[in-house]
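# What the coordinates show
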Amino acid sequence: MPVIRRKPWALPESAATDESVYRNRRTLLKALGIGPLIMAGGGVPALAAAATDPTADLYPATRNLRYRLDRPETEKKHATTYNNFYEFGSHKGIAEASQAMKLRPWEVRIDGLVEKEMTIGFDDLIRQMPLEERVYRHRCVEAWSMAVPWSGFAFKALVDFARPLGSAKYVLMETQADKETMPGLNQTWYPWPYTEGLTLAEATNELAFLATGLYGKPMPKQNGAPMRLAVPWKYGFKSIKSIVRFRFTEGRPISFWERIQAQEYGFWANVNPKVDHPRWSQATERVLGTNDRVPTLLYNGYGEFVADLYKDMKEENLFM
Ligand code: MTE
């Protein structure tokens, strides 16, 4: 267990998104030692992929119309400027700071209980995957939400590619942890690297998606380039960004937030408006962009796809 000197997660969302912190992000970046190079561009970084992205030609991918929204898509400018990516700071204005991340070469390690452990380049991997676009809702545990078009591929395609052994029951994912480009890693009281886990049944559920793009372009750095998870029936912290490793295990992995505060951020973290966070209600959510308050739905509205996964798990703390 890490020694916790400060508890930013112990704040309600209103405090976590403090206007002055957001407005003063340039000052904060300076304090964190982010050089003038990153700030020189000014404004919010564009979504455009770097000219050096070898798989930029894969976008836009064809939209899969099976997944539909009950609300308008969130405007790009909101989804790409209001982010959680603690590796770049414990506040929402990390878009500029995250531009320091180096995306190539980007290697992905697949190991643990698989037929053959391997390290594969991201561009090699993605060219072997069936790319499509899906519009999904996203519900953060802090009670804000968005609805965005991800591009990517079904997690099941990655599992099939990895060929896990029969003994594998879970998959642990890990985010890149690069001290040179990620100032948040200086917050040594966090248990870096950021990790998350799913059961194999969850990872092979049709909804589990490895997203490599957003709004028809390669994934912006602030949203988790080059590849992040999208599991829309779970609170947003499960959707780990900038993945460098998939480890197949027999035992249940402990994820980043669970290690910090297991009573508030558990392994399952399925959305449920009737189960409050210990410090705030989960009954409604604030929609990014409009700031409308709307009711939160069980499994974030995806029960028809996922409720069966949990039908024999009454004893588990499924909604925390
Ligand atoms: N992944 C990493 N590596 N680090 C993070 O801080 N934050 C999580 C999740 N994935 C996070 C992460 C949380 S709390 C949320 S709500 C979503 O990313 C936010 O994704 P977005 O910035 O694309 O909206």
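Here is a short report on the structure shown in this document. (Residues numbered from 1 in each chain as written. Predicted model: local features only at pLDDT ≥ 70, side-chain atom pairs only at ≥ 80, totals over all residues. Heavy atoms only, no water.)

## Re the overall build of the protein chain
How we decide: Only DSSP runs of H or I with at least four residues qualify as helices, and only runs of E with at least two residues qualify as strands; both kinds are numbered from the N terminus onward. Three exposure classes are used, based on accessible area relative to the maximum for each residue type with a 1.4 Å probe and protein chains only: buried under 20%, partly exposed in between, and exposed over 50%. Residue-level accessible areas treat just the shown protein chains as cover; the underlying method is Shrake-Rupley with a 1.4 Å probe.
When its secondary structure is counted, the protein chain shows 10 helices and 12 strands. The buried share among the 320 residues of the protein chain stands at 57%. Accessible area of the protein chain: about 13800 Å², with a carbon and sulfur share of 53%.

## Quick notes on the side chain of Glu142
Quick reminder of the rule: As used in this structure description, the phrase polar contact means that two N or O atoms lie within 3.5 Å; if the pair is within protein, one of them must be able to donate a hydrogen and the other to accept it, and residues adjacent in sequence are counted only when both atoms belong to side chains.
Residue placement: Glu142 occurs in the loop between β3 (132–139) and β4 (144–154). Judged by its relative accessible area of 10%, Glu142 falls in the buried class. Among the polar contacts made by the side chain of Glu142, one reaches the side chain of Asn84 at a distance of 3.3 Å.

## A few points about the packing of aromatic side chains
This is how the line gets drawn: Whether two aromatic rings pair depends on their centres lying within 6.5 Å, for rings of Phe, Tyr and Trp, where Trp uses its six-membered ring; planes under 30 degrees apart make the pair stacked, over 60 edge-to-face, and the rest tilted.
On inspection of all chains with the given rule, the structure shows 24 aromatic pairs. Centre to centre, the rings of Trp192 and Phe256 are 5.1 Å apart; their planes meet at 35°, and the pair counts as tilted. Residue Trp192 is found in the loop between β5 (170–175) and β6 (195–199), and its partner Phe256 is found in helix α9 (residues 256–261); the two are separated by 64 residues along the sequence. A relative accessible area of 0% places Phe256 in the buried class. Ring centres of Trp257 and Tyr265 lie 5.6 Å apart, and the angle between their planes is 55°; this geometry places the pair in the tilted category.

## Here we look at the pairing of β6
Selection rule: Pairing between strands is defined by DSSP: at least two bridges between the two strands are required.
Taken across its 5 residues, β6 has 5 buried, putting it largely inside the fold. Because side chains alternate across β6, one face comprises the buried residues Thr195, Gly197 and Thr199, and the other comprises Glu196 and Leu198, equally buried. Alignment of β5 against β6, held across 5 bridges, turns out to be antiparallel. Its bridge partner being in β6, Leu172 is matched across the sheet by Gly197.

## Thoughts on the site of the ligand
We count it as follows: Throughout, near means a residue has at least one heavy atom within 4 Å of the molecule or strand. The classification used treats Ala, Val, Leu, Ile, Met, Phe, Trp, Tyr, Cys and Pro as nonpolar, Asp, Glu, Lys and Arg as charged, and all other residues, Gly among them, as polar.
Around the ligand, a shell composed of 18 residues is seen, among which Tyr86, Glu87, Thr175, Ser239 and Lys241 lie nearest. Here Asn84 contributes a backbone N or O atom positioned 3.3 Å from an oxygen atom of the ligand. The separation between a nitrogen atom of the ligand and a polar side-chain atom of Glu87 is 2.9 Å. Across the complex, the protein chains shield 99% of the 540 Å² of accessible surface that the ligand would expose by itself. By residue class, the composition of the shell around the ligand is 8 nonpolar, 7 polar and 3 charged.

## Quick notes on the nonpolar core
Definition in use: We define a nonpolar core as any set of buried Ala, Val, Leu, Ile, Met, Phe, Trp, Tyr and Cys residues linked to one another through side-chain atoms lying within 4.5 Å.
Counting residues in each nonpolar core, the largest one holds 85 residues, and the members touching the most others are Trp150, Phe155, Phe246 and Phe248. A total of 6 residues in this core trace back to one element, the largest contributor, which is helix α7 (residues 155–162).

## Some points on the environment of Thr175
Relative to the helices and strands, Thr175 is located in strand β5. The exposure class assigned to Thr175 is buried, which follows from its relative accessible area of 2%. Expressed as a C-alpha distance, the spacing of Thr175 and Lys241, which sit 66 residues apart in the sequence, is 6.2 Å.

## Considerations on the environment of Glu316
Operational definition: We call two residues in contact whenever any of their non-hydrogen atoms come within 4.5 Å of each other.
For Glu316, the position within the fold is in the segment after α10 (303–306). Along the primary structure Glu316 and Phe267 are separated by 49 residues, whereas in three dimensions their C-alpha atoms are 9.8 Å apart. Once you skip the residues sitting within four places of it in the chain, Glu316 turns out to touch Arg252 and Trp268.

## Some points on unusual backbone geometry
In the segment running from Arg104 into Pro105, the intervening peptide bond is cis, with an omega of -10°. Looking along the chain, the bond that leaves Trp192 and enters Pro193 is cis, with omega of 0°. By secondary structure assignment, the location of Pro193 is in the loop between β5 and β6. At Ser242, a residue that is not glycine, the phi angle is positive and equals roughly 45°.

## Here we look at the pattern of salt bridges
Convention followed: Here, a salt bridge means any side-chain nitrogen of Lys or Arg that lies within 4 Å of a carboxyl oxygen of Asp or Glu.
This structure, assessed with the given rule, holds 24 salt bridges. With a shortest N-O distance of 2.8 Å, Arg63 and Glu133 are connected by a salt bridge. One end of the pair, Arg63, is in the loop between α4 (36–40) and α5 (76–79); the other, Glu133, is in strand β3, with 70 residues separating them in the sequence. As a salt-bridge pair, Arg104 and Asp123 come within 2.7 Å of each other at their nearest N and O atoms. Taken together, the residues Arg104 in the loop between α5 and β1 (107–112) and Asp123 in helix α6 (residues 122–127) connect sequence positions 19 residues apart.

## Structural notes on the sheet that holds β1
Heads up, the condition is: The convention used is that axes are lines fitted to C-alpha atoms, helices contributing only their stretch in contact, and that angles between N-to-C directions extend from 0 to 180 degrees.
The sheet built from 5 strands is open, its strands ordered β2-β1-β10-β5-β6 with mixed pairing. Strands at the two margins of the open sheet, each flanked by one partner only, are β2 (118–121) and β6. Averaged over all pairs of adjacent strands, the angle between their axes in this sheet comes to 20°, without regard to strand direction. In the sheet, β5 pairs with strand β10 (residues 243–249) via 6 bridges, with the strands oriented antiparallel.

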